[in-house]
Amino acid sequence: MEALRAAVDAPEAELAPEEPAVTAEPVERQAPKTRTGRVGIVLVSHSKAVAESVAALAGALIGSVEPAPLAVAGGTPDGGIGTSAELITAAARSVDEGQGVAVLCDMGSAVLTVNALLGEEPSQLPEGARIVDAPFLEGAVAITLTSAIGGDLDAVLAAAEDARGYRKR
């Protein structure tokens, strides 16, 4: 958590340049990957612009650390406001490096959609996919940094818990 606080408190001049967020397109189901990479991160929002902006900010705040595998699933396939199981599934598959995928949702139907995908038999999301319980912006920064520095899925989820409990006063 100290690394997260240091990254968040860094002056803007020290921040890495923003890179565009990865937006996944639907793909065919692939064979499971071997467990060799980092935890994948998916940001699910009702708005593509919100998801992409949060992803860009989280990426900028991690500084010079190599970015975590990150994708957004924002809005609907036609660009509207809402959530899409198809976009969420494609995003999760695109960042799966075999160490699990942390899926952070903004609210409401995004949470319901991810929980439904996790509950399907067989699951539509990669093995080891978990929903993250944290505020959207703070959680995105915490999980992106923790994955980027090589934290396993348990560490990524713990970072989200810390972000949820971080007091601002």
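Conventions we followed
Residues numbered from 1 in each chain as written. Predicted model: local features only at pLDDT ≥ 70, side-chain atom pairs only at ≥ 80, totals over all residues. Heavy atoms only, no water. Helix = DSSP H or I, 4+ residues; strand = E, 2+ residues; numbered from the N terminus. Polar contact = N/O pair within 3.5 Å; in protein donor to acceptor, adjacent residues only side chain to side chain. Contact = heavy atoms within 4.5 Å. Axes fitted to C-alpha atoms, helices over the stretch in contact; angles between N-to-C directions. Parallel < 35°, antiparallel > 145°, perpendicular 65-115°, else oblique. Left-handed = near helix turned anticlockwise from the far one by under 90°. Expected span 1.5 Å × (residues − 1). Buried < 20%, exposed > 50% of the residue type's maximum accessible area, 1.4 Å probe, protein only.

> What exactly am I supposed to notice about the side chain of His 46 here?
Within the secondary structure, His 46 is located in the loop between β1 (40-45) and α2 (48-61). Within the structure, His 46 has its side chain in polar contact with the side chain of Ser 109 (distance 2.8 Å). In this structure His 46 touches Gly 75, Gly 80, Ile 81, Gly 82, Thr 83, Asp 106, Met 107, Ser 109 and Ala 110, once residues within four positions along its chain are discounted.

> Is there a simple way to think about the packing of helix α5 (residues 136-148) against helix α6 (residues 153-165) in this case?
Two numbers describe a pair of packed helices, the interaxial angle and the distance between the axes. Running from amino to carboxyl end, α5 crosses α6 at an angle of 150 degrees, the nearest separation of the two axes being 8 Å. Classed by the angle they form, the pair α5 and α6 counts as roughly antiparallel. As α5 packs across α6, the resulting crossing turns out to be right-handed. Of the residues in α6, those touching α5 at Glu 138, Gly 139, Ala 142, Ile 143, Thr 146 and Ser 147 are Ala 155, Val 156, Ala 159, Ala 160 and Ala 163.

> Can you help me understand α2 in this one?
Residues spaced three or four apart along an α-helix point in a common direction, a consequence of the helix completing one turn every 3.6 residues. Counted at 1.5 Å a residue, the expected span for α2 with its 14 residues is 20 Å, and the 20 Å between its end C-alpha atoms agrees. Turning to α2, its buried residues are Ala 51, Val 54, Ala 55, Ala 56, Ala 58, Ala 60 and Leu 61. Measuring from the side-chain oxygen of the N-cap residue of α2 to the backbone nitrogen of Ala 49 gives 3.3 Å; that N-cap residue is Ser 47. Directly after α2, the chain includes Gly 63, whose backbone phi takes a positive value near 70 degrees.

Take it as geometry only, folks, not as evidence of what the structure does.
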